[in-house]
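Observations on the model geometry
As a plain string of letters, each chain reads:
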Amino acid sequence: ENCLKNRVSGRINFYRGRDLIQALKSLNEAFLVEMGQQDEFKVTPWTVEGVVDYEKLIRDFGTEPLTRELKDRLVSLAGEDHLLLRRSIFFSHRDLDKVLHDYEAGRGFFLYTGRGPSGPMTLGHIIPFYFTKWLQDRFRCNVYIELTDDEKFLEESRNLTIEDVRKWSFENALDIAAVGFDTNRTFIFQDMEYVRNMYPMVLKIAKKVNFSWVRAVFGFDASTNIGMIFYPAFQICVTFFEKRRCLIPAAIDQDPYWRIQRDIAESFGYHKTAAIHSKFLPSLTGPSGKMSASQPESAIYLNEDEKSVRRKIFQAFSGGQPTVEEHKRLGGNPDVDVPYQWLHFFFEEDDEKIRRIREEYSSGRMLSGEIKE
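Residues numbered from 1 in each chain as written. Predicted model: local features only at pLDDT ≥ 70, side-chain atom pairs only at ≥ 80, totals over all residues. Heavy atoms only, no water.

1. Considerations on the pairing of strand S4 (residues 90-94)
- When you tally the buried positions in S4, you get 5 out of 5 residues, the bulk of the element.
- With 2 bridges connecting them, strand S3 (residues 64-65) and S4 associate as antiparallel partners. Considered in S4, the bridge of Pro-65 is made with Ser-92.
- Bridge count between S4 and strand S9 (residues 274-278): 4 bridges; the pairing is antiparallel. Note on S9: the bridge partner recorded for Phe-90 is Ser-278. (Buried < 20%, exposed > 50% of the residue type's maximum accessible area, 1.4 Å probe, protein only. Helix = DSSP H or I, 4+ residues; strand = E, 2+ residues; numbered from the N terminus. Pairing = 2+ DSSP bridges.)

Okay, here's the thing in structure tokens:
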């Protein structure tokens with residue numbers, strides 16, 4: 001209790017003008033992480049709550065850890081390393097070894113990822129696209145990017161209109177295109193526009209999957225609208241766009257769709273899809289959950305101005321001590337410090353500099369404001 005009180009008193013100015021209940025919740029979760037007592041979290045295609053234990057998630061989802069041996073094999077074939085691999089931001093997979101075997105055998109593979117256009121894109125949304133582009137550049141493969149406007153319209157918690165999701169599909173497509181994909185090997189499409197071409201295969205998929213199955217995988221119940229129950233057939237359909245094996249780089253919350261795909265793919269004469277899963281860019285408000293476009297203070301949007309970005313970074317959840325004197329004496333905790341986590345996740349490529357920052361911060365020689373700067 002005293003430890004938590006110190007954390008609250010040290011950050012009360014940071015949370016002024018914000019939702020105090022959410023602030024205290026984030027502080028409590030950070031405290032539990034430090035005490036090793038936080039084991040409750042929730043990860044679904046629509047919700048990420050709590051402090052995610054990625055090792056437990058691998059066990060719960062039945063995926064495979066991305067081993068050093070497999071990463072080295074990927075890097076060797078790619079001809080260069082990527083910081084999202086060496087920092088273990090991509091940490092889990094399904095059949096990546098088979099994808100690499102197909103590539104070595106000359107059969108190749110294709111890439112598939114997507115975006116749910118529910119609003120402006122955040123830094124957390126765009127980072128996996130940079131990794132997808134790297135894979136495309138290194139392996140010269142086709143990329144299919146699905147804008148799931150239908151799903152976002154059907155999500156009742158979003159309360160979006162058809163016009164809303166069409167607008168955000170267009171805006172999000174511009175952000176994704178700006179990553180710099182190969183225009184001759186990339187297809188970005190909206191479900192509601194491209195449905196005519198997908199629908200025969202979508203129907204075949206839907207006929208194979210019953211309600212009991214999707215209820216067990218996604219937690220649907222009697223109050224779920226029938227559009228959401230039918231929607232998984234659309235997201236699975238893209239994995240059948242080519243006869244080659246599909247590799248999906250995406251955050252691990254989307255994995256439930258691929259469990260269903262892998263059970264039915266071979267009955268259609270296609271490969272079970274492969275996947276490589278990323279962790280979530282932490283929320284600015286603390287170690288709980290992921291950055292959310294629906295919570296403006298938790299995220300930085302791609303279209304924000306410099307002043308707003310700076311304000312949010314300097315208000316981000318810190319692992320520092322309540323006072324400068326205590327911080328210099330006790331040091332900070334980089335494992336819950338959001339600015340440090342962001343640097344480690346993506347924004348500082350120099351491994352030696354990251355190691356030095358961690359050491360300086362942990363020892364108290366570097367202050368929280370210096371990391372934020």
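2. What about the pattern of salt bridges?
- Evaluated as defined, the whole model comprises 26 salt bridges.
- With a shortest N-O distance of 3.8 Å, Glu-80 and Arg-138 are connected by a salt bridge. On the criterion of sequence distance, the pair formed by Glu-80 in the loop between helix H4 (68-78) and helix H5 (83-86) and Arg-138 in helix H7 (residues 123-139) is long-range, its members being 58 residues apart.
- What makes Arg-138 partly exposed here is its relative accessible area of 28%.
- Between Arg-94 and Asp-255 there is a salt bridge, with its nearest N and O atoms 2.8 Å apart. Of this pair, Arg-94 sits in strand S4 while Asp-255 sits in helix H14 (residues 255-264); the two residues are 161 residues apart in sequence, bridging distant segments of the chain. Accessibility classification places Arg-94 together with Asp-255 in one group, the buried group.
- Within this structure, Glu-352, Arg-355, Glu-359, Glu-360 and Arg-365 form a network of salt bridges that share partners. (Salt bridge = Lys/Arg side-chain N within 4 Å of Asp/Glu carboxyl O.)

3. Concerning helix H17 (residues 338-347)
- Burial analysis of H17 places 7 of its 10 residues in the buried class, the great majority of the element.
- Residues of H17 that are buried include every one of Val-338, Pro-339, Tyr-340, Gln-341, Trp-342, Phe-345 and Phe-346, and no others.
- Against the buried residues of H17 lie H5, H7, helix H15 (306-315), helix H18 (351-363) and helix H19 (368-372).
- Its side-chain oxygen placed 3.0 Å from the backbone nitrogen of Tyr-340, Asp-337 serves as the N-cap of H17. (Contact = heavy atoms within 4.5 Å. Polar contact = N/O pair within 3.5 Å; in protein donor to acceptor, adjacent residues only side chain to side chain.)

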